[in-house]
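The primary structure of each chain is shown beneath.
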Amino acid sequence: MSSYQFTPQAVDDLFEILSYIAGDDLEAANRVEEAIHAACGFLADTPLAGRIREDLTALPLRFWLVQPYRSYWIVYNPETKPLQVIRIIHAARNLPPLLK
């Protein structure tokens, strides 16, 4: 398995997501965290798996929906080694301002 790293903003995103979920259900937060890390590991091995979203950013970033929790986008740079996870964002949020 290839490696990946979170930007400081992605670390903050993950903390906020897990804190919010854990307020209702700690086990659910653990499952979401596990799914996010599994997705990041997959993307580190298969960096071109995600979608380019030119409608959201002109930056060379790709987007991947976490499985089975398709409410969360992993935004990453496929050109970096190790793979750099830029943001982890809930799909209901307004993404373009978050990607500047």
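See the structure shown above.
Cut-offs and rules
- Residues numbered from 1 in each chain as written.
- Predicted model: local features only at pLDDT ≥ 70, side-chain atom pairs only at ≥ 80, totals over all residues.
- Heavy atoms only, no water.
- Helix = DSSP H or I, 4+ residues; strand = E, 2+ residues; numbered from the N terminus.
- Buried < 20%, exposed > 50% of the residue type's maximum accessible area, 1.4 Å probe, protein only.
- Contact = heavy atoms within 4.5 Å.
- Core = buried A, V, L, I, M, F, W, Y, C linked by side-chain atoms within 4.5 Å.
- Pairing = 2+ DSSP bridges.
- Expected span 1.5 Å × (residues − 1).
- Polar contact = N/O pair within 3.5 Å; in protein donor to acceptor, adjacent residues only side chain to side chain.

## So, the environment of Leu-14
- Relative to the helices and strands, Leu-14 is located in helix H1 (residues 8-22).
- Leu-14 gets classed as buried once you look at its relative accessible area, which sits at 8%.
- Taking the C-alpha atoms as reference, Leu-14 lies 6.4 Å from Ile-88; in sequence the two are 74 residues apart.
- Leu-14 has contacts with Phe-6, Ile-36, His-37 and Ile-88, leaving out every residue within four places of it along the chain.

## Re the nonpolar core
- Core analysis: the largest hydrophobic core is formed by 21 residues, its most contacted members being Ile-21, Val-32, Ile-36, Ile-74 and Val-85.
- Broken down by secondary-structure element, the contributors of at least two residues to this core are H1, helix H2 (26-45), strand S4 (72-77) and strand S5 (83-90).
- The element contributing the most residues to this core is H2, with nine residues.
- Every residue in contact with Ile-36, bar those within four places of it in the chain, is listed here: Leu-14, Val-66, Ile-74 and Ile-88.
- Grouped together as the second largest cluster of nonpolar side chains are ten residues, Leu-65, Trp-73, Val-75 and Leu-98 included.

## Quick look at the pairing of S4
- The buried fraction of S4 is high, at six of six residues.
- The side-chain alternation of S4 yields two buried faces, one formed by Tyr-72, Ile-74 and Tyr-76 and the other by Trp-73, Val-75 and Asn-77.
- Strand direction decides the pairing type here: S4 and S5, joined by six bridges, are antiparallel. Bridging from a neighbouring strand, Ile-74 pairs with Ile-88 of S5.
- In this structure, the hairpin formed by S4 and S5 is closed by a connection of five residues.

## Concerning unusual backbone geometry
- Cis geometry marks the peptide bond from Gln-67 to Pro-68; its omega dihedral reads -5°.
- Counting through the fold element by element, Pro-68 comes out in the loop between strand S3 (62-65) and S4.

## Looking at the side chain of Thr-7
- For Thr-7, the location among the structural elements is in the loop between strand S1 (4-6) and H1.
- You can call Thr-7 buried: its relative accessible area is 12%.
- Ignoring sequence-local partners within four residues, the contact set of Thr-7 consists of Gln-84, Val-85 and Ile-86.

## So, H2
- Look at H2: 29 Å from first C-alpha to last across 20 residues, which is about the 28 Å you get at 1.5 Å a residue.
- Turning to H2, its buried residues are Ala-28, Ala-29, Val-32, Ala-35, Ile-36, Ala-39, Cys-40, Gly-41, Leu-43 and Ala-44.
- Buried-residue contacts for H2 involve S1, H1, S3, S4 and S5.
- Capping the start of H2 is the job of one residue whose side-chain oxygen sits 3.1 Å from the backbone nitrogen of Glu-27: Asp-25.

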